[in-house]
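Breakdown of the fold
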Amino acid sequence: MPMSRINGVELFWELSGDQGEPVVLVHGSWGDHHNWDRVVPAFSRGLRVARYDRRGHSRSERPAGQGSIDEDVDDLAALIRHLFGGPAHVVGGSFGAAIVLRLAAGSPELIRSLVAHEPPLFGLLEDDPTLQPALAAVRDRIDAAAALLRAGDMEGGARRFVDTIAYGPGAWDELPQATRDTFVFNAPTWLDELQEPEALSMQLDLLSGYSAPALLTLGGASPPFFPLVVKRVAAAVPYARQHVFPDAGHVPHLSHPEEYARVVTEFIATATAASAA
């Protein structure tokens, strides 16, 4: 089981593929490296693919005390250097996408290209009064899941999050038991993330220094505020492309793995060719 001490924390990681461009996959909240199981076989046919459990998740160490998204960003930067010794293509989903975007803002030299799917940067929408009812509804759902966790009902909170925020009604009962167990185990880390005020926003002007290729993706079946967030981010990232997975939602790498793998690998190939030209 590969483990490395990164920034004082033991992180689990895994490599697949033995040739091609280096890629790092960054999972979102509640999950772990298994979130990428359905796309890694396709990725690793022509890429060197690293995936890992972020601090506080599954096999990686869960430090005591309040964490921060900046720690996740620093971990990602250090892991890229540790595994590849230089820049890599970086792919993130949900909260993992927020981490990737912050890395692009702070350490653009470590990124050959980035792919970010639906970062939950809802704080970027706070200045639009027309969106406040929708955002309040989202906050109510988040608060309901968090309240169950704070009361000690980890499975109930995880179920509420899956059924009302991430996937949709009845989805919890359709998940494999191993996936449900992962949600329950990682629930305290999600609760910790909620307690950091800056986790769901960022200074978009800091992205002006990022000049490598960027692909921002959306699910056609996702809640309507994600396109608004991505629109704000796309305006801040020079030369960013956008792609919509028409029938997918918040986790296309799980629900539509073949389509997701095709779109991402084609983007990485195009980015690589452009950098070599």
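The structure under discussion appears in the preceding block.
Residues numbered from 1 in each chain as written. Predicted model: local features only at pLDDT ≥ 70, side-chain atom pairs only at ≥ 80, totals over all residues. Heavy atoms only, no water.

Focus on the overall build of the protein
Filter applied, for reference: Going along the chain from the N terminus, every DSSP run of H or I of four or more residues is numbered as a helix, and every run of E of two or more is numbered as a strand. It is over C-alpha atoms that the radius of gyration is taken, and the globule rule equals 2.2 Å times the number of residues to the power 0.38. Partly exposed describes any residue whose relative accessible area lies between the buried limit of under 20% and the exposed limit of over 50%, with all areas from a 1.4 Å probe on protein chains only and scaled to the type maximum. Per-residue and other accessible areas follow the Shrake-Rupley method at a 1.4 Å probe size, with only the shown protein chains counted as cover for residues.
The helix and strand tally for the protein stands at 10 helices and 8 strands. Computed over C-alpha atoms, the radius of gyration of the protein comes to 18 Å, within 12% of the 19 Å expected from 2.2 N^0.38 for 277 residues, which places it in the range of a compact globule. By principal-axis analysis of the C-alpha atoms, the protein measures approximately 55 × 45 × 35 Å. Burial status across the protein gives 54% buried among its 277 residues. Just so you have it, the protein exposes about 11900 Å², and 53% of that area is on carbon and sulfur atoms.

Some details on unusual backbone geometry
Phi at W30 takes a positive value of approximately 75°, unusual for a residue other than glycine. Within the secondary structure, W30 is located in the loop between β3 (21-26) and α1 (40-43). Classification of W30 as buried rests on a relative accessible area of 0%.

Some remarks on the pattern of salt bridges
This is how it is decided: What makes a salt bridge here is a side-chain nitrogen of Lys or Arg within 4 Å of a carboxyl oxygen of Asp or Glu, nothing more.
Overall, the coordinates contain 14 salt bridges when judged by the stated rule. Ionic contacts of the salt-bridge type, sharing partners, join the residues R5, E10 and E61 into one network.

Quick look at the pairing of β3
Just so we agree on the cut-off: Here, any two strands with at least 2 DSSP bridges between them count as paired.
Most of β3 sits out of view: 5 of its 6 residues are buried. Here β3 runs beside strand β4 (residues 47-52); their pairing, made up of 5 bridges, is parallel. Bridge pairing links V24 to A50 in β4. Strand direction decides the pairing type here: β3 and strand β5 (residues 88-93), joined by 4 bridges, are parallel. Of the residues in β5, the one forming a bridge with V23 is H89.

Looking at the packing of helix α5 (residues 154-166) against helix α7 (residues 177-194)
This is how it is decided: Axes here refer to lines fitted to C-alpha atoms; in helices the fit is confined to the stretch in contact. Angles between the N-to-C directions go from 0 to 180 degrees. Angles are sorted into four bins: roughly parallel if under 35 degrees, roughly antiparallel if over 145, roughly perpendicular if 65 to 115, and oblique for all others. Whether two residues are in contact is decided by their heavy atoms, any of which lying within 4.5 Å being enough. The classification used treats Ala, Val, Leu, Ile, Met, Phe, Trp, Tyr, Cys and Pro as nonpolar, Asp, Glu, Lys and Arg as charged, and all other residues, Gly among them, as polar.
Here α5 crosses α7 at 85°, and the two axes come no closer than 9 Å. Considering the angle they form, α5 stands roughly perpendicular to α7. Contact residues: α5 offers M154, E155, A158, F161 and V162, while α7 offers F183, V184, A187, P188 and W190. For the contact of α5 with α7, the residue count by class is 9 nonpolar, no polar and 1 charged.

Remarks on the pairing of strand β6 (residues 111-117)
Rule in force here: A clockwise path from the first strand over the helix to the second, with the strands pointing away from the viewer, defines a right-handed crossover.
Burial runs high along β6: 6 of the 7 residues are buried. Examined bridge by bridge, β5 and β6 share 6 bridges and lie parallel to one another. Counted as the bridge partner of G92 is A116 from β6. Considered for its hand, the β-α-β crossover made up of β5, helix α3 (residues 95-106) and β6 is right-handed. Bridge count between β6 and strand β7 (residues 214-219): 4 bridges; the pairing is parallel. Across the sheet, L114 pairs through a bridge with A214, a residue of β7.

Remarks on the sheet that holds strand β8 (residues 241-245)
Here we have 8 strands laid out as an open sheet, ordered β1-β2-β4-β3-β5-β6-β7-β8, and mixed in their pairing. In the strand order of this sheet, the two ends are held by β1 (3-6) and β8, each with one partner. The sheet shows a mean angle of 25° between the axes of neighbouring strands, direction not considered. Seen against the sheet, helix α2 (residues 69-84) touches β1, β2 (9-16), β3, β4 and β5 and runs at an angle of roughly 150° to β3. The sheet strands contacting α3 are β3, β5, β6 and β7, and the helix crosses β6 at an angle near 145°.

Observations regarding the packing of helix α4 (residues 132-150) against α5
To be explicit about the condition: Crossing chirality is assigned from the near helix's rotation relative to the far helix, an anticlockwise turn below a right angle marking it left-handed and a clockwise turn marking it right-handed.
Interhelical geometry of α4 versus α5 gives an angle of 165° and a closest axis separation of 7 Å. On the basis of the axis angle, α4 is roughly antiparallel to α5. As α4 runs across α5, the sense of the crossing is left-handed. The residues of α5 that touch α4, namely those facing R141, I142, A144, A145, L148 and L149, are M154, G156, G157, A158, R160, F161, T164 and I165. Residues of the contact of α4 with α5, tallied by class, amount to 9 nonpolar, 3 polar and 2 charged.

Focus: the packing of aromatic side chains
Put simply, the rule reads: Note on aromatic pairs: the rings of Phe, Tyr and Trp (six-membered ring only in Trp) are paired at centre separations within 6.5 Å, and the planes decide the class, stacked below 30 degrees, edge-to-face beyond 60, tilted for the rest. The rule for a charge over a ring is simple: NZ of Lys or CZ of Arg within 6 Å of the ring centre, and within 35 degrees of the ring normal.
The final tally for this structure, using the stated rule, is 12 aromatic pairs. Plain terms: the ring middles of W36 and Y260 are 6.4 Å apart, the flat faces sit at 35° to each other, and that makes the pair tilted. Residue W36 is located in the loop between β3 and α1, and its partner Y260 is located in helix α10 (residues 257-276); the two are separated by 224 residues in the primary sequence. For W36, a relative accessible area of 1% corresponds to the buried category. Ring geometry for Y167 against F183: centres 6.3 Å apart, planes inclined by 70°, an arrangement best described as edge-to-face. A residue pair is termed long-range when its members are at least 10 positions apart, and Y167 in the loop between α5 and α6 (171-174) and F183 in helix α7 qualify at 16 residues. Since its relative accessible area comes to 33%, Y167 is described here as partly exposed. The rings of W30, F161, Y167, W172, F183 and W190 are connected pair by pair, giving a single aromatic cluster. Sitting above the plane of the F185 ring, R62 keeps its charged end 4.8 Å from the centroid.

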